[in-house]
Amino acid sequence: MTSLWLDRAARRTEDGSTYPASDFKPGVSYDTVVVGAGLTGLVTGLLLARAGQHVAIVEAHHVGAVNTGNTTAKLSLLQGTKYSEMLKHTSLRVAKAYVEGNREGFEWLLRYLDDHDVPYQRRDAYTYAGTPDGVGAVDDEFAAAWRVGLPVEKVRDLDVAFPVRAAVRLRNQAQFDPLQVLAALAADFRARGGTLVEGVRVTGVSALRPGRGAPCVVRTRAGEVRATRVVLATGIPILDRGLYFAKVTHGRSYGLAFRVPPGALPEDFGMYLSVDAPKRTLRSIPVVPEDGLPEGEGELLLVGGNGHKVAHHPHPRDLVADIEVWTGSYFPGAQRTHAWSAQDYRSANLVPFVGWMPRTAGRVFLATGFDKWGMTNAVSAAIRLSGELLGGHIPWARTLGRRVTRPRSVLYGARFNAEVARDLTAGWAKALATEEVAAPAEGQGIVHRVDGRPVATCRVNGTTTSVSAVCSHLRGIVRWNDQELTWDCPLHASRYSHDGTRIEGPTKGDLAPL
């Protein structure tokens, strides 16, 4: 599964690159090493480089390969039912600080795009109810959005093809191609002397005692480097200090791009997100030459949704098919061009974790828990992280850093971790009870017992592969994802390719070979 954004980026040049990456040089010392080259990592690295720091960004895959390259790329302060839910878990003061941080990220990014001639489109954002049952949630979000200071409007009649019973509108938000944004940031970072390394996986970080050179050693599969500070901008931290993998819940959702007939979308088509289940998210996508569409031959529409906990749906392929059927029913003639998915993490009180990591003497920093709103939260986090690293004072960041966890949030976390324990036990029991079976069919995978050990076996492109079924993070038993042909862990959402190579999540290692 490749997103439209990643496919476009690969088509722009013969080798798929949009900027020159740097060579990894073991033994070098930096002021800051940023792990992860998505939006959070690149903006953080750029802000630090602007301040004169010697910065390296180290990415295990390539720029935008994971979260940012698979987003819907909506830049919006209206975020579904975020505020009505957040106010159940935290104070109005904290919720307003969250909005202020997102607003600063929103404004910073649009200024940057203007200054660097990166195209974007202004669009109204809508949180809508597609059924009568969802109207109450829309009313609640309208009231909550006003309380946190957003100038929202309540609307009922929208010129769209799909059902809308009620909606909240926030005018003049934005959308863009996220890979164009990352390409501009990467080029700017390199031009300011930054080191941008792709294809090198960080496997560990150690904070040394004072007097032994730079305080942190960053270990990779290509060697070690040192840094005064380290920022983990990896979706979820790859270090277990602070137990953030147990403080956030995980989810996976799907995005599809469609070619629709000319005129299928009104000129003022906005950015839409439903409150009803299953969720639906929609936006338009301007056609570019890389799409290969003749002028006047159609428009592009993004439709997504059907989110679920990672590895907790038996057949993700059915969820993609469901979105395709839904789209065809409301946009006749729609032809699917791309399908992909993205992974997100959510804190118990819906406020991201951003700041220094415990047990690192204030030398390792992290950002996680963006809850599907990474375009604003990523830049907000980068501003906050760079401010802390450079000694700045940001009032809204100070408020967010001192928030108090309420009993409701503690209960939410306890329930999640109880489910993790059940998944761990059930996964091992089922794996050890399943004897060896015939090789799976093409595109299928099974977990079974071989010599008393859980084994994951799949068949992809005519080749049958077997690896250990035990997740290298906390020994959960992985499950097969028949849409993406991957092995996914239900405990904390570590994911692996069909041959066991790590893709994302809190794990740092691959599935063990047999």
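What comes next is a walk through the structure. No experiment lies behind these values; they were computed from the predicted model shown.

This part is about the pattern of salt bridges. The tally for this structure, following the rule as stated, stands at 26 salt bridges. Put simply, arginine 11 and aspartate 7 hold a salt bridge, and the shortest N to O gap is 3.1 Å. Within this pair, arginine 11 and its partner aspartate 7 are both found in helix H1 (residues 4-11), separated by four residues, close to a single helical turn. For arginine 11, a relative accessible area of 52% corresponds to the exposed category. The partner of glutamate 484 in a salt bridge is arginine 252, with the nearest N and O atoms 3.0 Å apart. Taken together, the positions of glutamate 484 in the loop between strand S21 (479-481) and strand S22 (486-488) and arginine 252 in strand S11 (residues 248-260) put the pair 232 residues apart, joining distant regions of the chain.

All right, on to helix H5 (residues 135-147) then. If you check H5, its first and last C-alpha atoms are 19 Å apart, about what 13 residues at 1.5 Å a residue would give, namely 18 Å. The elements touched by buried residues of H5 are helix H3 (82-86), strand S4 (121-129) and strand S6 (166-175). Glycine 149 occupies a position one or two residues after H5 and carries a positive phi of about 100 degrees.

Turning next to the pairing of strand S13 (residues 280-285). Burial within S13 is extensive, with six of its six residues counted as buried. Side chains Arg280, Leu282 and Ser284 project from S13 onto one buried face, and the interleaved Thr281, Arg283 and Ile285 project onto a second face that is buried too. Following strand S12 (residues 271-274), the chain reverses through five residues before pairing antiparallel with S13.

Empty space among the atoms can be located by rolling a probe the size of a water molecule over them. Tallied over the entire structure, the rule returns three cavities of 30 Å³ or more. The calculated volume of the largest cavity comes to roughly 80 Å³. Looking at the largest cavity, the residues that line it are Tyr98, Gly101, Asn102, Val351, Pro352, Val354, Asn377, Ser380, Ala381, Arg384, Trp396 and Leu400. The element contributing the most residues to the lining of the largest cavity is helix H8 (residues 374-390), with four residues. For the lining of the largest cavity, the class distribution of residues is seven nonpolar, four polar and one charged. The space that makes up the second largest cavity amounts to roughly 50 Å³. Along the walls of the second largest cavity sit Lys74, Ser76, Leu78, Gly80, Ala125, Tyr126, Thr127, Met271, Tyr272, Leu273 and Trp373, which together make up its complete lining. Counting residues per element, the ones that place at least two in the lining of the second largest cavity are S4 and S12. For the lining of the second largest cavity, the per-class residue count stands at seven nonpolar, three polar and one charged.

Rules used throughout
Residues numbered from 1 in each chain as written. Predicted model: local features only at pLDDT ≥ 70, side-chain atom pairs only at ≥ 80, totals over all residues. Heavy atoms only, no water. Salt bridge = Lys/Arg side-chain N within 4 Å of Asp/Glu carboxyl O. Helix = DSSP H or I, 4+ residues; strand = E, 2+ residues; numbered from the N terminus. Buried < 20%, exposed > 50% of the residue type's maximum accessible area, 1.4 Å probe, protein only. Expected span 1.5 Å × (residues − 1). Contact = heavy atoms within 4.5 Å. Pairing = 2+ DSSP bridges. 1 Å grid on protein atoms, 1.4 Å probe; cavity = no way out; pocket = protein on both sides within 12 Å on 5 of 7 lines; lining within 4 Å. Points joined across faces, edges and corners; volume = space filled by probe spheres on them. Nonpolar A, V, L, I, M, F, W, Y, C, P; charged D, E, K, R; others polar.

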